[in-house]
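One-letter residues, chain by chain:
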Amino acid sequence: MTYAETVAGQISDLAAGKYSSEELTRHYLQRIEALKTLNCYITVTSESALAAARRADSARAAGHSLPLLGVPIAHKDIFCTRNELTTAGSRMLYNFAPPYDAMVVDKLEKAGAVMLGKTNMDEFAMGSSNENSFYGPVRNPWDVTRVPGGSSGGSAAAVAAGLCAAATGTDTGGSIRQPAALCGITGLKPTYGRVSRWGMIAFASSLDQAGPMTQTAMDAALMLGIMAGVDPRDSTSIDSPVPDYVSSLETPVSGMTIGICEDFMAEGLDTASEVRIADAIRVFESLGATIKPIRLPHVRYSVPAYYVIAPAEASANLSRYDGVRFGYRCKDPASLEDLYKRSRSEGIGPEVQRRIMVGAFTLSAGFYDAYYRKAQQVRRLISNDFKSAFDQVDFLVGPTSPQPAFRLGEKSDDQVSMYLQDIYTIGASLAGLPALSMPVGLAAGLPVGLQLIGRHLDEARLLGAAHQFQSRTHWHEARPELEIS
Amino acid sequence: MMSDWEVVIGLEIHAQLNTRSKIFSGASTRFGAEPNSQACAIDLGFPGVLPAVNQAVYPKAVAFGLGIGASISHVSAFDRKNYFYPDLPKGYQITQMDRPIVVGGSVEIPLEDGTSREIRITRAHLEEDAGKSLHEDFHGSSGIDLNRAGTPLLEIVSEPDLRSASEAVAYARYIHQLIRYLDVSDGEMAEGSMRCDANVSLRRVGSSELGTRTETKNVNSFRFLERAIDHEISRQRGILESGGVIRQETRLYDPDRDETRPMRSKETAMDYRYFPEPDLLPVEIDDAFIEAVRNSMPELPREKAARFEAQYSIAAADARTLSTDPLLADYFESVAALCGDPAMSVNWVRVELLARLRRDGIEVPALPVSPEQLGALLKRIKDQTISGKVAKDILDALWRGETASVDDYIKIHSLTQVSDASSLEPLVDRIIAGNPKQAEQYRAGKTKLLGFFVGQVMKESGGKANPQQVNEIVRSRLG
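Along each chain, the written sequence defines residue order, and numbers are assigned to residues from 1. Working convention: letters from A go to chains and numbers from 1 go to ligands, in the order in which they are written. Per-residue local features are limited, in this predicted model, to residues with pLDDT of at least 70; the limit for side-chain atom pairs, both in listing and counting, is 80 or more; totals at the level of whole chains, interfaces and linings are taken over all residues. Calculation of side-chain values draws on the structure's entire complement of heavy atoms; hydrogens and water are dropped beforehand.

(A) View of the overall build of chain A. For helices the rule is a DSSP run of H or I covering at least 4 residues; for strands it is a run of E covering at least 2, with both sets numbered from the N terminus onward. Each helix and strand in chain A was counted, giving 15 helices and 11 strands. The size measure is the radius of gyration over C-alpha atoms, and the globule rule it meets is 2.2 Å times the number of residues to the 0.38 power. Rg of the C-alpha trace for chain A: 21 Å, near the compact-globule value of 23 Å for 485 residues, within the 12% margin. Among the 485 residues that make up chain A, the fraction classed as buried is 64%. Expressed as a percentage of contacts within chain A between residues at least 6 apart in sequence, the contacts between residues at least 24 apart total 75%. Of the accessible surface of chain A, which amounts to about 16,800 Å², a share of 53% is contributed by carbon and sulfur atoms. The distance from the centre of the 45 positive side-chain charges to the centre of the 51 negative ones in chain A is 4 Å. Burial classification: accessible surface area is computed with a 1.4 Å probe over protein chains only, and a residue below 20% of its type maximum counts as buried, one above 50% as exposed, and the rest as partly exposed. By definition in these notes, contact holds between two residues if any of their heavy atoms fall within 4.5 Å. A 1.4 Å probe and the Shrake-Rupley method give the accessible areas. Residues count as covered only by the protein chains that appear here. Counted as positive: Lys and Arg. Counted as negative: Asp and Glu. His and the chain ends are not counted at all. Where a charge lies is defined by one atom per residue type, namely NZ (Lys), CZ (Arg), CG (Asp) and CD (Glu).

(B) Examining the overall build of chain B more closely. Tallying secondary structure elements over chain B gives 15 helices and 17 strands in all. Projected onto its principal axes, the C-alpha coordinates of chain B cover approximately 90 × 55 × 50 Å. Long-range pairs, those at least 24 residues apart, make up 70% of the contacts in chain B between residues at least 6 apart in sequence. As presented, chain B carries roughly 22,100 Å² of accessible surface, and 49% of it is formed by carbon and sulfur atoms. Here chain B carries 57 positive and 70 negative side-chain charges, and the mean point of each set is 5 Å from the other.

(C) Molecular detail of the side chain of Thr214 of chain B. Residue and element names in this part refer to chain B. With respect to the element layout, Thr214 can be found in strand β13 (residues 214–219). Polar contacts involving the side chain of Thr214 include one to the side chain of Glu232, which spans 2.8 Å. Not counting the four nearest positions on each side in its chain, Thr214 is found in contact with Ala198, Asn199, Val200, Glu232, Arg235, Gln236, Ile246, Arg247, Glu249 and Arg251. For the purposes of these results, a polar contact is taken to be a pair of N or O atoms within 3.5 Å, where, inside protein, one atom must be able to donate a hydrogen and its partner to accept one; residues adjacent in sequence count only when each atom of the pair is a side-chain atom.

(D) Structural detail: a nonpolar patch on the surface. All names here are of chain A. Patches here are clusters of residues that have more than 30% relative accessible area and form no salt bridge, with a 9 Å joining cutoff for like charges and a 5 Å cutoff for nonpolar side chains (Val, Leu, Ile, Met, Phe, Trp, Tyr). When a carboxyl oxygen of Asp or Glu is within 4 Å of a side-chain nitrogen of Lys or Arg, the pair counts as a salt bridge. Side chains of Phe361, Phe367 and Tyr371 sit close together on the surface and give an oily, nonpolar patch of about 260 Å² of accessible area. Tracing the backbone through its elements, the reader meets Tyr371 in helix α12 (residues 369–392). A relative accessible area of 33% places Tyr371 in the partly exposed class.

(E) The arrangement of the sheet that holds strand β4 (residues 79–82) of chain B in detail. By this definition, two strands are paired if DSSP reports at least two bridges between them. With antiparallel pairing, three strands are arranged side by side in an open sheet as β5-β4-β16 (chain B). Since the sheet does not close on itself, it has two edges, and those belong to β5 (92–95) and β16 (275–276) of chain B, each with one partner. Summarising the sheet, β4 of chain B and β16 of chain B pair through two bridges and their orientation is antiparallel. By the bridge assignment for β16 of chain B, Arg80 of chain B is matched with Phe275 of chain B. The strands touched by helix α9 (residues 302–317) of chain A are β4, β5 and β16 of chain B; relative to β4 of chain B, the strand with the most contacts, the crossing angle is about 60°. For every element, the axis is a line fit to its C-alpha atoms; helices are fit only across the contacting stretch, and the angle between N-to-C directions ranges from 0 to 180 degrees.

(F) Seen up close, helix α5 (residues 153–160) of chain A. All names here are of chain A. The buried fraction of α5 amounts to eight of the eight residues, a majority that puts the element mostly inside the structure. Where α5 is concerned, the buried positions are Gly153, Gly154, Ser155, Ala156, Ala157, Ala158, Val159 and Ala160. Lining the buried residues of α5 we find β1 (41–44), β2 (72–76), β3 (114–119), β4 (166–171), α6 (177–183) and β6 (209–214). One or two positions beyond α5, positive phi appears at Gly162, with a value near 70°.

(G) Layout of the domain arrangement of chain B. Assigned domains within chain B: domain 1 (2–292), domain 2 (299–412) and domain 3 (421–478). These domain limits were set by an automatic method or by a database of domain assignments. One C-alpha centre belongs to domain 2 of chain B, the other to domain 3 of chain B; they are set 32 Å apart.

(H) Quick look at the side chain of Asp197 of chain B. All names here are of chain B. Its location among the elements puts Asp197 in strand β12 (residues 194–204). The exposure class assigned to Asp197 is buried, which follows from its relative accessible area of 2%. Within the structure, the side chain of Asp197 is placed 2.9 Å from the backbone nitrogen of Asn218, a separation counted as a polar contact. Leave out the neighbours within four places in its chain, and Asp197 touches Gly10, Leu11, Glu12, His14, Glu215, Thr216, Lys217 and Asn218.

(I) Layout of the interface of chain B and chain A. With 30 residues of chain B in contact, the opposing surface of chain A contributes 37 residues. Taken together, the two surfaces of chain B and chain A that pack against each other cover about 2,700 Å², and 61% of this comes from carbon and sulfur. On the surface where chain B and chain A come into contact, there are one salt bridge. Note that Arg197 of chain A is salt-bridged to Asp279 of chain B, the shortest N-O span being 3.1 Å. Residues were grouped as follows: Ala, Val, Leu, Ile, Met, Phe, Trp, Tyr, Cys and Pro as nonpolar; Asp, Glu, Lys and Arg as charged; and all remaining residues, including Gly, as polar. The residue makeup of the side of chain B that touches chain A, split by class, is 21 nonpolar, four polar and five charged. Simply put, the buried area is the total loss of 1.4 Å probe accessible area from both parts when two parts are fitted together.

Below is the structure:
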């Protein structure tokens, strides 16, 4: 049996009765097992997945229909799943099974999707290589000696390796887009507030945003339509109607003005990637778009601003992991202070500890104005840069990451180089804007991602432009060759 | 040498808002439940949960602000205050640091000498309460009860305008009265619904600089507040007069030993690393909202006392006493309307009712006698059906749970006052005849003895004789 690889393909196959959800789910479970050396999943929920698939099949037999009925998907292990292990890639939550579902999980389940399991990630979403997971690094399906990117590396690799039809991810400074680029898939970080953060384990609350990771823009549109929407439990979610993303996919690109962010094409960008990006821009031109160079003068300060704001918020968000009420607790604490210190030192990995310390420092008395307040001012300036840009163009394009997937361990000892992985993605995060990465070719056999950044709440235009591109090209259909054990 | 030092006190009062659910979650705020039975995932600080503000806290904070003549911030915002403590599940408290909802304002507090003083209020802000650490009964460990975690608080911060423990108590009592009036808080101090932190410092009389202050935390009764401050004043005075310096520190009042002592935990040079709470949007309050709250506000104690004084022609002190408690004030007004005699109503409510409340240790809401009953009773004094003496006996019967109406009770027990001369004259004659010596003295000019004869007649009549009538008869018989 040949199964459709995309969500859209599976929706029509399942509706046409070509195969059942149970068969499809079984296929994925077998493939996950066969490719478990990729380490994409922290938890595979085989039993409940098969049960959900069977329920979907009976529902269909009874004449029910739901948008994703019977489609097998995976959730990043940062989304709380009721009574299922939710670790956030940390030892701290090695035994944590929340009594509630994240809003995103709940919505996708209600839409009929079948959860295959929870994907691997950098601990508490802090990292760009997935090497910061307590559960081991994920391997890039295109080259298993290389990283898949991070922090949603498990989701990206799983989609690329065909270990689920689609996956959820979260993006704080690039954690959906960069792994999507490195694994050759489509990943969308929606506008901040477009998708509820309820039940999504917090890293940096003012930046965190959930989004779909898929093989195509069409699939991303299908997923986002379900994930998006206001939620009274998340005060920062946006109360604005959710458009029909699928129907707007056919909007032509011709007549649109696309900005090339010159600040993103500067030195540091890998030459082969630069060529692929330039090729992609020519495709948009051939589709009738006008190209216009754009400057974002403050965007070069985005990495330092981000590495003040995100750790500051993280330092508070991660205070709740104290060994008192849930999660990891050190053995035989001698005192309250000992309980705190050892539980946190033993339960939390080095990169996360580093960021907690940086965050606590930048918020401390005497340093707040020099760091946190200044970073917030920079954030506003960056936001204004984007606003002026969107007076002139409909969306911006540029590279997603400075180079294709790097080798495991290659940047482990160079934090700054690792942080610079996010140099192109952080701007849109700080400005709260929607941004999408899609594959636009290979460089030395590794995928190159193009980033599209749009106006506030203009996800439909990004998805449409990506879909138009994917209708004329085949890069999104390129698959890594994998040896099945 | 007390006179050499001026005492400077500022109070921070934490009032729990009497909303049904918590400030950032839907869990109940009811007092006294089983430990940890009223704490949901949000209160427990579980991973992935988010706070959402209970909208019921806004009208309460605004009403308090209007009640003290403060300005209401059109935009206020929540911040995180970071510190580790087991009863603070998230490791930070959500509070309002930079932009409080209520700014400025003042209250006029009555002083013992009958004058009053204005105390300025710096601010009042919304925040969440912490849980409770239970240090007993856990054999070397501490228990944590998170039922209280997330209970909405309004923290009311005064300027350092108070100059003595008794002023501080008068101020705290005023705030207590106000929050109850405005239905902002139930003010049950024994349950911790209102708690005071006292900032106390001393300075040389005439000095304009403030001395080093200490903060005495979590005092939960007026009596303890007065004792804690007095204790702290004499402690500081002792140190200063022996040439020492006061250490800025947080202290805890121990009512059992009547002393304050430094708190051991978490208070050494804390840096709370405040920053804006990213999970919540700024709070926007427009003029229409403020006006709606203003229009639904009850009459405030100060306004009520002034109205009582003018409307009922009663003494200022009486008006103030009756206005301290909105239920008592309503009670008084009902009684006055029913019996048509405000002066008599003041006397009976202030003296007779309050004495009985104190004697039995009960509160106004639990009064066993309704205003309708008391009004009916006073009406019968006023129309001379019964005497005051008999009325007090009837009040006692009603207090004990007598269910008959006042009029029926008077009838059943034949308590109607005897006013007709034909019944009283023989009684007076009998008393005069029985006391010839006193009658002689009266006739000789010792008219003070009138009271003696009237008293004897009243006693003989079982209190039923009309004292005025008896007065006249005695006077004419002996005249």
